[in-house]
Amino acid sequence: MHDPGPPRATSVGESVELSPRSPDPDGTYEWTLRDAPAESDARADGEPVRGSDDDDGVLVPGATSRPDAPVVHLRPDAPGTYVLTLDAPDGTHRQRVRAYPDERRPVELRVPAADLPVDDSDVDRVSLMWPHNDRLLARDRPERDGDDWVCPVRVPPGRHGFSFVANDDPGNEHRDAVTVPGPGRPRVSLSTSVVEGDGDAEAVRITADAAAPPDLDGGEESTPDDGDGASGRTAGESPVAVDFLVDDRDAPPETVARIESLAAGDALSIPVSALPDDLAGGVRIHAVPHGDRYGAAETVRIERDRSGAAGVDEAGSLAVRDPHAPPEWADSPTIYEVFVRSFAGDTLPTTFREIERRVPYIESLGVDALWLTPVLASPTEHGYHVTDYYDTASDLGSREAFESLVAACHDAGIRVIFDLVINHTSRDHPAFQMHAAGVDEYADHYRRADSAFDVTDTDWAELADGDMPEYYFNWRRIPNLNFDSPAVREWLLDVVDEWSAVVDGFRADVAWGVPHGFWKEVSDRVPDDFLLLDETLPHDPFYGEGEFDLHYDTSLYETLRSVGAGDAPADALADAFARAEWLGFDDPGLQMRYVENHDEERYLAEYGRGALKAAAATVFALPGAPMVYAGQERGNETYRGPIRWHDGDNDLTDFHRDLAALREREPLLRDGAVDFAGLAADVSVVDGDAERVTAFVRRPDEDDGEHGGDGGASGSNDDSDGDDALLVVVNFAEAPATVTVPDRVETDLFADRAVDTDVAVDSVAVLR
């Protein structure tokens, strides 16, 4: 089937990429805009989009040399619903896009010239580099205004990191941040039931629990930023509503309209008579929360239970499930990342066999999943410049040796996560070399850009006058693949099929550079028990919209670095945790928490042993998936250097083992809610550095509904935590601290000791 996937939601000014699934490069595809909001200037005249059409309209053809336009980009110019059809080799498919009002607000990015790391007289030009321009240098130019460099922009509310790059050299980067006042994104969770309707017929009831974002700034949008980045981030003023959208793949338009008309507020009740007669593939219902802004959708699938179980008739009873539920094994897994070419130590070259010989050590750490940095053919040590998607790197070993490593991990109860690098290839990949040399078959494989944007002084081979391959940052050795090309999509989907049959999950490198529609197709394509982890910086809830199961928690990571450096108090962890909710993440259990990784300096080297232990304890004591970067537990101070085996820090290793073991023993540390108030507010430091100490409570989640239960932060300041609650106290200082705690606390589970109301905390205490 070449259907284009689920209905999509966006906002005015935000582009949506639309593509056929399982594309046939030799097939013909035509997109036609059938309907648009009355206020839109879109051309809904029934004429299909052509590859030669202008790129300044509402519906824009993808960048290929084809006469048709298999991939298009919708740029809504008015709120409302856009209806499109895709004529594909297997028939005509309907696609709807719901556009919400423009969320962008004007703001001025301003940096004093004196803050740039280059003498003012030597600055010839400046580039803006940030997520909102895909880190493409030389596209957006700040201009000089007196003693400052200034760039006016329009972006949604929130705290946005950006860089001004002097002379287009990332080595001359000045990092800064701007806070745009306004509300966060709403969140939604769904609960479902099958009930008896009129005449004892079955009906499905879907109830949406839509939540406004937390207020991180007391509701005062105009409060000046006090330097912590929290200013202006509010809950908003509009009530949160929900739009229920029936998936156009599952029912004809008249049935879709009939079901959607049954919505009443936050609930949708569907009698069996309103459902399609054929439920072989189920009917998917998407719920989009919206108020001042819109949020990520949640989905349920209504289907027939034809399991043959007792009491189920031949037609099957109605059942409802979450089609995007993470695999059961990935419920709060502990992840261990290995930088493959340094894991064997400082004398032996690392191979798959050498890693396999050390699986008992990995098992001893109590981890559930092993994430390996790229293992495919590459000319680089880090492996992120792939030259062959179907062959392992020769220095690491054969494919058979890799599969032997995977089998050894499985025997130890450890899943394997494969680093999937499909945003780009090495420029030494044959596909790029043939693209650059003008081979027609590869003409559309890579994105092209105006060579005026080149910041690397490379003498690029031109395919058209004055063009060059597109790349992010100054990554001239890894050109971006072109997902507007059906041939590229077919190729990379085949790569997904190839390796998803071997491993248990993908960590998607530069996930933010690949279109959402492609990730949605990948999610539907991989096995049901397969994990998808995104590298999206900063983390973005829309990558959890039927795409990824786990997300990098960049909010907590950045705050842990600030606390370690002494730039923020330990209590800033509460704001970092709440920020994920403000961004629109519903379930905190779907965040990967980490202290360091292969792209960052070692926390130990930057901030010391005491701070590292507190930071590690924090990620293990919060909901989600704690990640340990190999060497973190051995006392490594070089971020990609060989693991310290003979001279490692065994006490630090045991500390990490103990964290994993306690998390395994105590379900509340994996699945409970988090409260930075309640009992935590009663903790006070009587000896030590109070700025380096914080506390939070893990308590039973009050909402354990089928699709509900956000496990989120609570603002309560009462005694409702209960006897089952755990009080976690972390101390980032090198010296121990003494804290007073409520007299109901009796035991430190981490240290396995009895305590009274005065508790000495080295790095962490987990109190009951």
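One structure accompanies this document, and this report is about it.

Parameters and conventions
- Counting from 1, residues in each chain are numbered in the order their sequence is written.
- Only residues with pLDDT of 70 or above have their local features reported here, since the model is predicted, and side-chain atom pairs are shown and tallied only from 80 upward, although totals for entire chains, interfaces and linings are computed over all residues.
- Only heavy atoms go into the side-chain values, all of them from the structure, while hydrogens and water stay out.
- We count a stretch as a helix when DSSP gives it H or I for four or more residues in a row; a strand needs E for two or more, and each element gets its number in order from the N terminus.
- Restricting the calculation to C-alpha atoms gives the radius of gyration, and the globule rule supplies 2.2 Å times the number of residues raised to the power 0.38.
- Between buried and exposed lies partly exposed: a residue is buried under 20% and exposed over 50% of the maximum accessible area for its type, with that area taken using a 1.4 Å probe on protein chains only.
- Pairs of strands are assigned from DSSP output, requiring at least two bridges between the strands.
- As a rule, the C-alpha atoms of each element are fitted with a line to give its axis, helices using only the stretch in contact, and angles between N-to-C directions run from 0 to 180 degrees.
- Aromatic pairing here means that ring centres of Phe, Tyr or Trp (its six-membered ring) are within 6.5 Å. Orientation follows from the plane angle: under 30 degrees is stacked, over 60 is edge-to-face, and everything else is tilted.
- Two thresholds decide whether a charge sits over a ring: the Lys NZ or Arg CZ must be within 6 Å of the ring centre and within 35 degrees of the ring normal.
- In what follows, salt bridge is the name for a side-chain nitrogen of Lys or Arg lying within 4 Å of a carboxyl oxygen of Asp or Glu.
- Buried Ala, Val, Leu, Ile, Met, Phe, Trp, Tyr and Cys residues form a nonpolar core when they are joined through side-chain atoms within 4.5 Å.
- In what follows, a contact means two residues having at least one pair of non-hydrogen atoms within 4.5 Å.
- Each polar contact in these results corresponds to two N or O atoms within 3.5 Å; when the atoms are within protein, one needs to be able to donate a hydrogen and the other to accept it, and residues that are neighboring in sequence are counted only if both atoms are side-chain atoms.
- Nonpolar side chains (Val, Leu, Ile, Met, Phe, Trp, Tyr) within 5 Å and like charges within 9 Å form the patches, drawn only from residues with over 30% relative accessible area and no salt bridge.
- Computed with the Shrake-Rupley method and a 1.4 Å probe, the accessible areas treat only the protein chains shown as cover for residues.
- Only four residue types enter the tally: Lys and Arg on the positive side, Asp and Glu on the negative side; His and the chain ends are excluded.
- A charged residue contributes its charge at one atom only: NZ of Lys, CZ of Arg, CG of Asp or CD of Glu.

**Points about the overall build of the protein**
A tally of regular secondary structure across the protein gives 13 helices and 45 strands. Since a compact globule built from 768 residues should have a radius of gyration of about 27 Å, the 27 Å found for the protein is in line with a globular shape. Projecting the C-alpha coordinates of the protein onto the three principal axes gives extents of approximately 75 × 75 × 60 Å. Taken over 768 residues, the protein has a buried fraction of 58%.

**Looking at the sheet that holds strand β35 (residues 625–629)**
Strands pair in a sheet through their backbones, by hydrogen bonds, and they do so in one of two ways: parallel or antiparallel. Strand order in the closed barrel formed by eight strands is β24-β25-β28-β31-β32-β33-β34-β35, and the pairing between neighbours is parallel. Taken pair by pair, the neighbouring strands of this sheet meet at an average axis angle of 25 degrees, ignoring direction. Here strand β24 (residues 335–338) pairs with strand β25 (residues 369–372) via four bridges, running parallel. Looking at the pairing, Ile335 lines up with Ala369 of β25.

**Some remarks on the packing of aromatic side chains**
The full count for this structure, using the stated rule, is 30 aromatic pairs. Ring plane angle 15 degrees and centroid distance 5.5 Å describe the contact between Tyr100 and Tyr294, whose orientation is recorded as stacked. Of this pair, Tyr100 sits in strand β7 (residues 91–100) while Tyr294 sits in the loop between β21 (283–290) and β22 (298–305), and the two are 194 residues apart along the sequence. Under the relative-accessibility criterion, Tyr100 is labelled buried at 8%. The class of Tyr294 is buried, set by a relative accessible area of 1%. Three or more aromatic residues joined by ring pairs make a cluster, and in this case those are Phe352, Phe402, Phe418, Trp499, Phe506 and Phe530. Arg233 extends its terminal NZ or CZ atom over the ring of Trp582, reaching a point 6.0 Å from the ring centre. The aromatic ring of Trp499 is capped on one face by Arg399, whose charged end is 4.4 Å from the ring centroid.

**Looking at the pattern of salt bridges**
Counting across every chain of the model gives 56 salt bridges. Salt-bridge contacts for Glu103 lead to Arg185; the nearest nitrogen and oxygen are separated by 3.0 Å. Here Arg185 lies in the loop between β14 (182–183) and β15 (187–196) and Glu103 lies in the loop between β7 and β8 (105–112), a separation of 82 residues in the sequence. For Glu103, a relative accessible area of 6% translates into the label buried. When salt bridges that share partners are traced, they join Asp3, Asp247, Arg249, Asp250 and Arg284 into one network.

**Topic: the nonpolar core**
Tyr336, Leu372, Phe402, Leu492, Phe506, Trp519 and Phe732 are the most contacted members of the largest nonpolar core, which has 115 residues in total. The greatest single-element share of this core, amounting to nine residues, is contributed by helix α11 (residues 609–621). Among residues more than four places away in sequence, those in contact with Phe402 are Phe352, Leu372, Val375, Thr392, Phe418, Trp499, Val502 and Val503. Counting 23 residues, the second largest nonpolar core, distinct from the first, contains Phe244, Ile270, Ala287 and Leu318.

**Side note on the side chain of Arg301**
By secondary structure assignment, the location of Arg301 is in strand β22. The exposure class assigned to Arg301 is buried, which follows from its relative accessible area of 14%. Polar contacts involving the side chain of Arg301 include one to the main-chain carbonyl oxygen of Gly281, which spans 2.7 Å. Residue contacts for Arg301: discarding those within four places in its chain leaves Gly281, Gly282, Val283, Arg284, Ala319, Val320, Arg321 and Pro323.

**Topic: a negative patch on the surface**
On the surface, a cluster of negative charge is made up of Asp24, Asp26, Glu490 and Asp494. Here Glu490 lies in helix α6 (residues 486–500).

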